[in-house]
Amino acid sequence: MPRPADAATAGTRLLRFTRAERWVHRCTATLMMVCIVTAACLYLPQLAELVGRRRLLVVVHEWSGLLLPVPLLLGLASRALRRDLGRLNRFLPYDRAWLKAALRRSFRRRAGKFNAGQKLFAGWIAGAVLVMLGTGLLMWFTHLAPLVWRTGATFVHDWLALAIGIVIAGHLYMALGDPEARRGMRTGWVDRLWAVREHPEWEATEEEGEQPQVQGSNR
Amino acid sequence: MNDNAPPRGTPVGRRVLLGMLGLGAAGVAAGPVLSQAVNSVLSGIAAKDPTGLTALLPDSGGFEYYSVTGPVSAKSAADYRLTVDGLVDRPASYTLADLQAMPQVRIVHDVQCVTGWRVPKTPFEGVRLADLLEAAGVRQGGSAVHFTCFDGSYTESLTLDQARRDDVLVALKMQDKPVTHDHGGPVRLYVAPMYFYKSAKWLSGISVTPAVESGYWENYGYDVDAWVGKSNGRDDAPTS
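Residues numbered from 1 in each chain as written. Chains lettered and ligands numbered in written order. Predicted model: local features only at pLDDT ≥ 70, side-chain atom pairs only at ≥ 80, totals over all residues. Heavy atoms only, no water.

**Here we look at the overall build of chain B**
Inference 1: Across its full length, chain B carries 4 helices and 10 strands.
Inference 2: Going from the N terminus to the C terminus, chain B shows its helices and strands as α-β-β-α-β-β-α-β-β-α-β-β-β-β.
Inference 3: Here the C-alpha radius of gyration of chain B, 23 Å, is well above what a compact globule of 240 residues would show, namely 18 Å.
Inference 4: Along the first, second and third principal axes, the C-alpha atoms of chain B reach 90 × 40 × 35 Å.
Inference 5: By the burial criterion, 47% of the 240 residues in chain B qualify as buried.
Inference 6: The long-range fraction of contacts in chain B, counting pairs at least 24 apart against all pairs at least 6 apart in sequence, stands at 64%. (Helix = DSSP H or I, 4+ residues; strand = E, 2+ residues; numbered from the N terminus. Rg over C-alpha atoms; globule rule 2.2 N^0.38 Å. Buried < 20%, exposed > 50% of the residue type's maximum accessible area, 1.4 Å probe, protein only. Contact = heavy atoms within 4.5 Å.)

**Examining the sheet that holds strand S6 (residues 155–159) of chain B**
All names here are of chain B.
Inference 1: As summarised here, the arrangement of the 5 strands in space is S2-S1-S10-S5-S6, forming an open sheet in which the pairing is mixed. The open sheet is flanked by strand S2 (92–94) and S6, the only strands paired with a single partner. Within the sheet, the average angular offset between the axes of one strand and its neighbour, ignoring direction, is 20°.
Inference 2: Both strand S5 (residues 144–149) and strand S10 (residues 203–209) contribute to a ladder of 6 bridges, which runs antiparallel. By the bridge assignment for S10, Val-145 is matched with Val-208.
Inference 3: On the sheet, helix H3 (residues 129–136) packs against strand S1 (82–86), S2, S5, S6 and S10 and is oriented at approximately 60° with respect to S10. (Pairing = 2+ DSSP bridges. Axes fitted to C-alpha atoms, helices over the stretch in contact; angles between N-to-C directions.)

So this is what it looks like as structure tokens:
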């Protein structure tokens, strides 16, 4: 199986994300932003004074939160997405080395299709969304559980929301600093040289195979 | 799934996910205790924090701003009116000065919101609702009071017996200052023994009705008789 690093030819492109994966990301990102914006308007006094409309915001927040896992669940029908979930799940020895290097701010980091930071983010945000969903349902359907549960759920929901806000801001910050990564998520294709530099251990499957620059420059 | 990689590696992603679920469950279980502990620390810091950022954190105490409509335009002493009508002998329209000229009562109780937050020992001052009803003269057949607000949407209701309690005020002052616009000023309702959604902000109308008409949140399932600790499935300590 060829790795990006094996290629001597520059200027070719690799398929990083299939159409299904890109749409799953797009829909999840949209729902997540709706959740965050409505949460801010419900929670931050300055925004609440500006926007008001509490009932509408609550309904939009509840439904966008409930729908948040749906794009990924539908996306499981895609073989490419399932394979990438497997890659995100599994840590190889170089992933530990990557984390250590990141902590030392060293740039000599080996990574597969996803680096260790992306793998940790994926696992964390998936767990966090499920916890927000569970605690959110306890707060939504107040007769579901006794009051102490609701108090505990509110506590977790509030603080985890803050943590998610910070982590998502970090996710956006990282994307902002890497136009090629953004292009990969927008068009599906990335430059081979970028892949060699950022993801040298990425073992591209046949579908992920390369395409000459001329055809691949579909922006 | 992962059919192309001979070394499969450790499933760290799955462990992180399950770890988050475990932490979440532990947080829900420990939440009631933890939120009080956090509150006792943060409310002290928030009181002294000049930036006000601490007050934005969860469990930092204080009032939250809730409004059911878009931005509410403010009313001043010049254009504020409170009407009293319905099944009464003498319908009336009060200016802010009229209300200020009536006997004022100051009471101090905890404020308890149905969503969980509680603000201890908050002074409210204003005219007893009972006095306004007395002045209007409730007619035969009147058994409840319906409140409307100048935000154009919010409504509330009390039975006549509840409305005549000593701890139900048409409040002009809150925390010993005129009620600010954000807190529902210049005039808001204050129903001390009930969850705070009963204390309608931006009060503009009091109407005596033959039966209780559900208020805004009550149409979405909140209890009409909203006694603190005895309604809405909650067991908070009574406030009055």
